[in-house]
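Report on the structure
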Amino acid sequence: MKNRLRDIFYRAKTNPVLHQSAKSLKPAPTIWGFLGITLFFIFPEIIGFWRGREIANWSHRMTLETPEATGRAFYWLLEKFFEDGGSYLNLSIGIALLIWLVYEWKKS
């Protein structure tokens, strides 16, 4: 088992396609990269922790009241998104990306 994990790690470490994919996922260390991470990862999770239950309840009421199918689908997705409040996993990913971006900015 230990050798198998070592082989998997080595293949992942030497795989050029995986390295290129990781580089393409990383945002540029510019103001737009910082704003993107903050607005799309961190800010929604903070709102979810702060007002997630109220947003989910409002979305559920709107799902029942909206006559159009697309409107109901939108409110249903919004309800599912905020149903459990914020996500510590998503917040951790956002903070890790922000730290990675600051590290890259300081390095260059």
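This text follows the structure it describes.
Cut-off values and rules
Residues numbered from 1 in each chain as written. Predicted model: local features only at pLDDT ≥ 70, side-chain atom pairs only at ≥ 80, totals over all residues. Heavy atoms only, no water. Phe/Tyr/Trp six-rings, centres within 6.5 Å; stacked < 30°, edge-to-face > 60°. Buried < 20%, exposed > 50% of the residue type's maximum accessible area, 1.4 Å probe, protein only. Lys NZ or Arg CZ within 6 Å of the ring centre and 35° of its normal. Salt bridge = Lys/Arg side-chain N within 4 Å of Asp/Glu carboxyl O. Helix = DSSP H or I, 4+ residues; strand = E, 2+ residues; numbered from the N terminus.

**Looking at the packing of aromatic side chains**
All told, the structure shown has 4 aromatic pairs when counted by the stated rule. Plain terms: the ring middles of Phe74 and Tyr75 are 5.2 Å apart, the flat faces sit at 65° to each other, and that makes the pair edge-to-face. Relative accessible area serves as the criterion here: at 49%, Phe74 is assigned to the partly exposed category. Ring-pair connections join several aromatic residues into one group, and the members of that group are Trp58, Phe74 and Tyr75. Here the guanidinium or amino end of Arg51 rests over the ring plane of Trp50, the centre of that ring lying 4.7 Å away.

**Describing the pattern of salt bridges**
One side chain can pair with another of opposite charge once the charged atoms of both are near each other. For the coordinates displayed, the defined rule picks out 2 salt bridges. Across the pair Glu83 and Lys80 runs a salt bridge whose closest N-O atoms are separated by 3.4 Å. In this structure Lys80 comes out as partly exposed when scored by relative accessible area, which is 38%. Across the pair Lys107 and Glu104 runs a salt bridge whose closest N-O atoms are separated by 3.6 Å. Of this pair, Lys107 and Glu104 are both found in helix α5 (residues 88-107), 3 residues apart, which corresponds to roughly one turn of the helix.

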